[in-house]
Structure formats: structure tokens, C-alpha cells
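Architecture and fold: a report
These are the residues of each chain, in order.
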Amino acid sequence: MKWVTAIIKPFTLDDVREALGEAGVQGMTVTEVKGFGRQRGHTELYRGAEYVVDFLPKLKIEIAVADEQVELAVEAIIRAARTGKVGDGKIFVSDLEQVIRIRTQEVDADAL
């Protein structure tokens, strides 16, 4: 099993959600986050004053998937979230040791 974490631009969420559903992913957690990567934020003009926005608004999507679903999930996220511009985001894939469904106490793949 794998834990997939994706940091994406907020306006791509609906497309990513739909693409993951088509890839067979049944659930996800979405968190509003702020951060920056290589672009280091940007400057904006507000009422004639210029100011620096250090942390840009992003969304963090977290999903647990079976090993055989990882490539489909990652490809779905890339296809739906990619704009080709700086700040499209990142995807992190890590091993998931154990999953337990609280209600039924099912374990690992059965709990997904």
C-alpha cells in the first residue's frame, strides 16, 4: 500500500477529484495549505502599494491506495493538475505500513 500526497493549485481540485474517481480511488482528504517552492512567492499591487506574498495558497490531497493503483492515481493527478506553469505542485509517494478501518476493524487492503 502507498500513501500519496499531492500539493496542487486550488482551482484544479474538481478536475483532480474527477480523475481520481475514474482511476478507482474511493476516498481522499483535502486540506487548505500555504507554501512556496522554487517560485518563492510573488509580489502583488494593492491600493497602489506593492507587497510580497511569501506563502501561496495550495491544496494538499492525501490518498491511500493499493500498490497496483499507484501509477494510475499519480497519472490521474498529473493529467488533471498540470497547467504547464510554475507552481503546479508536487506529488509524494511513500510506503504505508498499515491501515485499519475503525468501524469494522478491517486491516490493510480490506480497509481501503
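Predicted model, so just to flag it, every value in this text is computed and none were measured.

Conventions we followed
Throughout this document, residue positions are counted from 1 along each chain, in the order its sequence is written. Local features in this predicted model are restricted to residues of pLDDT 70 or higher, and side-chain atom pairs are both shown and tallied only at a pLDDT of 80 or more, whereas totals for entire chains, interfaces and linings draw on every residue. The basis for the side-chain values is all heavy atoms of the structure; hydrogens and waters are excluded. Secondary structure follows DSSP: runs of H or I at least 4 residues long count as helices, runs of E at least 2 residues long count as strands, and numbering of each begins at the N terminus. Using C-alpha atoms as the atom set, the radius of gyration is obtained and then compared with a globule rule of 2.2 Å times the number of residues to the power 0.38. Only protein chains enter the area calculation, which uses a 1.4 Å probe; residues under 20% of their type maximum are buried, those over 50% are exposed, and those in between are partly exposed. The contact criterion used throughout is that any non-hydrogen atoms of two residues lie within 4.5 Å. Using the Shrake-Rupley algorithm and a 1.4 Å probe, accessible areas are obtained, with residue cover drawn only from the displayed protein chains. This count recognises Lys and Arg as positive and Asp and Glu as negative, with His and chain-terminal groups excluded. Charge positions are represented by NZ for Lys, CZ for Arg, CG for Asp and CD for Glu. This arc is taken over the directions from the axis of the helix to the C-beta atoms. In this description, a nonpolar core means a group of buried Ala, Val, Leu, Ile, Met, Phe, Trp, Tyr and Cys residues linked to one another through side-chain atoms lying within 4.5 Å. What pLDDT expresses is the predictor's confidence in each residue, scored from 0 to 100. By this rule, a helix spans an expected 1.5 Å times one less than how many residues it contains.

**Considering the overall build of the chain**
Scanning the chain from N- to C-terminus turns up 2 helices and 6 strands. Walking the chain from its N terminus toward its C terminus, one meets helices and strands in the order β-α-β-β-β-β-α-β. Against the compact-globule benchmark of 13 Å for 112 residues, the chain has a radius of gyration of 17 Å, which places it well outside the compact range. In terms of overall dimensions, the chain has C-alpha extents of about 60 × 25 × 20 Å along its principal axes. Considering the chain as a whole, with its 112 residues, one finds that 31% of them fall into the buried category. Here the analysis covers contacts within the chain between residues at least 6 apart in sequence; of these, 71% occur between residues at least 24 apart. Entry remark: accessible area of the chain is about 7,900 Å², with carbon and sulfur atoms responsible for 49%. Averaging the locations of the 15 positively and 19 negatively charged side chains of the chain gives two centres separated by 8 Å.

**Let's talk about helix H1 (residues 13-22)**
Where H1 is concerned, the buried positions are Val16, Ala19 and Leu20. The arc that holds the buried residues of H1, viewed along the axis, is 100°, so those residues lie on one side. Along H1, exposed side chains directed more than 90 degrees from the buried face belong to Asp14, Arg17, Glu18 and Glu22. In the stretch just after H1, Gly24 is the one whose phi turns positive, near 95°.

**Considerations on the nonpolar core**
Residues Ile8, Val16, Leu20, Ile63, Val65 and Ile77 are the most contacted members of the largest nonpolar core, which totals 19 residues. Contributing elements (two or more residues each) for this core: strand S1 (2-8), H1, strand S5 (56-65) and helix H2 (70-81). In contact with Leu20, other than residues within four places in its own chain, are Val25, Met28, Ile63, Ala73, Ala76 and Ile77.

**Here's the deal with the confidence of the model for the chain**
Detailed reading of the predicted coordinates is not advisable wherever pLDDT falls low. Scored by pLDDT, the chain comes out at a mean of 91, with 94% of its residues at no less than 70. Predicted confidence in the chain is weakest over strand S3 (residues 42-46), with a mean pLDDT of 69, and strongest over S1, with 98.

**Some details on H2**
Here H2 contains 12 residues, and its C-alpha end-to-end distance of 16 Å stays within 8% of the 16 Å for a straight helix at 1.5 Å per residue. Burial in H2 covers these residues: Val70, Ala73, Val74, Ala76, Ile77, Ala80 and Ala81. One face of H2 carries all of its buried residues, which in axial projection span an arc of 160°. Across H2 from its buried face, at more than 90 degrees, point the exposed residues Glu71 and Arg79. The elements touched by buried residues of H2 are S1, H1, S5 and strand S6 (89-95).

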